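What follows is each chain in one-letter form.
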Amino acid sequence: MYWTEFLTVALIHLLAVASPGPDFAIVVRESVAYGRRAGIFTALGVGAGIFVHVAYSLLGIGLIVSQSIVLFNALKWLAAAYLLYIGIRALRAKAAGPASTDPGAGAGGRTAGAAFVTGFVTNGLNPKATLFFLSLFTVVIDPHTPLAVQAGYGLYLAAATALWFCLVSLLFSQARVRAGFARLGHWFDRLTGAVLVGLGVKLAFSEMR
């Protein structure tokens, strides 16, 4: 009965998740810098962050945020500050000795928990995701669709997001890929930092439409 609606949701989500953004940048950075394990836990954190957006969309809080310039700007500046923080840290990266290119190897004592939190916060604080899920749950999904079905959509969105970024992690944590980035040394960190800072600045000056 709801297959058409579900397929529409899945297609829109596919187009959205495939677009490069903070989530993609942070998963790539964690995968290249710390290895496959950190990259996968970051991807799982990004997927878990979807539940935050789904929860407030189902509760109607997203509508309140979208209609309140003060609340939206507070969320926007918080997210921008976080992106600037991790971006500036990456920009300050210093040259280090040769690192292991073992796909599953970690570096710098990166824990699975820290990687998961990084992914979760990056996605959870993304105000663009707020507006995306608000549009999804108010325009694409029929308001009369049972909450249980809508929750099922949310579960799919979280799982699909985590799977997509796990695949991204598997790609960028390959030995050859990491070895290629390793030749750039700390310049890769600085490039990623510049991208994150740019995203943070763009987000800070974005306006609610």
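Residues numbered from 1 in each chain as written. Predicted model: local features only at pLDDT ≥ 70, side-chain atom pairs only at ≥ 80, totals over all residues. Heavy atoms only, no water.

Time to look at the UniProt feature "transmembrane region" (unreviewed entry) in the protein chain. Those residues carrying the UniProt feature "transmembrane region" (unreviewed entry) are residues 41–63, 70–88 and 153–175 in this numbering. The distance separating the terminal C-alpha atoms of residues 153–175 is 36 Å; by composition the span is 91% helix and 0% strand. (UniProt positions renumbered as here; feature names shortened; annotations may be inferred. Helix = DSSP H or I, 4+ residues; strand = E, 2+ residues; numbered from the N terminus.)

Among the secondary structure elements, Gly 60 is positioned in the loop between α3 (36–59) and α4 (61–67). Residue Gly 60 is classed as partly exposed on the basis of its relative accessible area of 29%. (Buried < 20%, exposed > 50% of the residue type's maximum accessible area, 1.4 Å probe, protein only.)

A full pass over the atoms with the stated rule returns 5 aromatic pairs. Here Trp 3 and Phe 6 contribute two aromatic rings whose centre-to-centre distance is 5.9 Å and whose plane-to-plane angle is 85 degrees, an arrangement assigned as edge-to-face. Of the two residues, Trp 3 and Phe 6 both sit in helix α1 (residues 3–17), 3 residues apart, roughly one turn of that helix. Ring geometry for Phe 24 against Phe 172: centres 6.1 Å apart, planes inclined by 90 degrees, an arrangement best described as edge-to-face. Here Phe 172 lies in helix α8 (residues 147–172) and Phe 24 lies in helix α2 (residues 22–34), a separation of 148 residues in the sequence. Judged by its relative accessible area of 27%, Phe 24 is partly exposed. An aromatic cluster of three or more residues is present, and its members are Trp 3, Phe 6, Tyr 153 and Tyr 156. The residue whose ring lies beneath Arg 110 is Tyr 34, and the NZ or CZ to ring-centre distance is 5.1 Å. (Phe/Tyr/Trp six-rings, centres within 6.5 Å; stacked < 30°, edge-to-face > 60°. Lys NZ or Arg CZ within 6 Å of the ring centre and 35° of its normal.)

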